[in-house]
Amino acid sequence: MGKIQEMLDFVNSSPPDIAKIALEYLSIEDQRTIFDAFMELRNQRQLTSEEKSAMNVVASEVLADARKTLAEFQAEHGLDPAHGVHIEPPLPPLIINDALKLGEEIKAEMEAKQDDDTPTDLGDTGHQNGDGPNGGDNNAGDLNGPDDDHKEGEIIEGEHAH
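Residues numbered from 1 in each chain as written. Predicted model: local features only at pLDDT ≥ 70, side-chain atom pairs only at ≥ 80, totals over all residues. Heavy atoms only, no water.

(A) Representation of the overall build of the chain in the model. If you tally the helices and strands in the chain, you get six helices and zero strands. Across the chain, helices and strands are ordered from the amino to the carboxyl terminus as α-α-α-α-α-α. For the chain, the share of sequence-separated contacts (at least 6 apart) that also reach a separation of at least 24 residues comes to 61%. Working note: accessible area of the chain is about 10,300 Å², and carbon and sulfur atoms make up 48% of it. (Helix = DSSP H or I, 4+ residues; strand = E, 2+ residues; numbered from the N terminus. Contact = heavy atoms within 4.5 Å. Areas by Shrake-Rupley, 256 points an atom, 1.4 Å probe, with all protein chains shown as cover.)

(B) The arrangement of the environment of Ala-22 in detail. Mapped onto the secondary structure, Ala-22 falls in helix 2 (residues 16-24). Contact partners of Ala-22, with chain neighbours within four places excluded, come to Phe-10, Ala-99 and Gly-103.

(C) Spotlight on helix 5 (residues 66-77). Look at helix 5: 16 Å from first C-alpha to last across 12 residues, which is about the 16 Å you get at 1.5 Å a residue. Restricting attention to buried positions, one finds in helix 5 the residues Ala-66, Thr-69, Leu-70, Phe-73 and Gln-74. For helix 5, the buried positions fall inside an angular range of 130° around the axis, keeping them on one side. Once helix 5 ends, the next one or two residues include Gly-78, with phi positive near 70°. (Expected span 1.5 Å × (residues − 1). Buried < 20%, exposed > 50% of the residue type's maximum accessible area, 1.4 Å probe, protein only. Arc of directions from axis to C-beta.)

(D) Layout of the pattern of salt bridges. If you walk through the whole model with that rule in mind, you get six salt bridges. The shortest N-O distance in the salt bridge between Glu-24 and Lys-20 comes to 3.8 Å. Within this pair, Glu-24 and its partner Lys-20 are both found in helix 2, separated by four residues, close to a single helical turn. By relative accessible area, which is 7% here, Glu-24 ends up buried. Between Lys-101 and Asp-98 there is a salt bridge, and its shortest N-O distance comes to 3.8 Å. Taken together, the residues span about one helical turn, with Lys-101 and Asp-98 both in helix 6 (residues 96-117) at a distance of three residues. In this structure Lys-101 comes out as exposed when scored by relative accessible area, which is 56%. (Salt bridge = Lys/Arg side-chain N within 4 Å of Asp/Glu carboxyl O.)

(E) Spatial organisation of the packing of helix 1 (residues 2-12) against helix 2. Where helix 1 contacts helix 2, the axes come no closer than 8 Å and their chain directions differ by 150°. By the angle between their axes, helix 1 is roughly antiparallel relative to helix 2. Contacts between helix 1 and helix 2 pair Met-7, Phe-10 and Val-11 from the former with Ile-18, Ala-19, Ala-22 and Leu-23 from the latter. When grouped by side-chain class, the residues that make up the contact of helix 1 with helix 2 number seven nonpolar, no polar and no charged. (Axes fitted to C-alpha atoms, helices over the stretch in contact; angles between N-to-C directions. Parallel < 35°, antiparallel > 145°, perpendicular 65-115°, else oblique. Nonpolar A, V, L, I, M, F, W, Y, C, P; charged D, E, K, R; others polar.)

(F) Representation of unusual backbone geometry. Residue Pro-93 is reached from Pro-92 by a cis peptide bond, and omega for that bond is 0°. Topologically, Pro-93 is positioned in the loop between helix 5 and helix 6.

(G) Region of the structure containing the side chain of Ser-27. Mapped onto the elements, Ser-27 comes out in the loop between helix 2 and helix 3 (28-44). According to the relative accessible area criterion, Ser-27 is buried, its value standing at 13%. Ignoring anything within four residues of it in the chain, the contact list for Ser-27 reads Pro-93 and Leu-94.

Right under this line is the structure:
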C-alpha cells in the first residue's frame, strides 16, 4: 500500500489537473489498483473532492492519451517550450514512482510560474524610500525611536525605565 498511499497523498496535495495527468500516465493495471484503493478508502471514510476527481480518472479503464493531456495543460498554463519550460512528455505507461515524479515536476513548474506572475509587493524589494532595510528609518538600537532624548545604552531609572 506504500506506493498507493504516496499516490493518494499526491492526489490530495495537487491541483486536480496535475493529478489527472500523473494518473493517466499509469498503466491500466496500476490505475485499477489505485481505483481499488479509492474504493477501499470510500468504505472507511468520505473521499475528498480531489480523491473523487482522481477516482473518476482511473475508473474509466481507458488509457487516455496522456501525452496529449500534458501538452494541452502545458500550453494552457504557459508551461511549454514556447514559455521556456521544458518538461519532456514521457511515453506512457509509467510506473507509479515515475508518474509521481512527473506530477511533482509539473507542480513545481506551475508554482514557479505563479511566483513569477505575482508582482512583488512594495517593500519586498529593499530600500524604497528611506534608509532602513524596509524602506523606513532604521532605529534599531534606539531605545525610544529617533526623538529619544536619552543616550543609547544609558541606564534609565524611575518611571520611564523599560
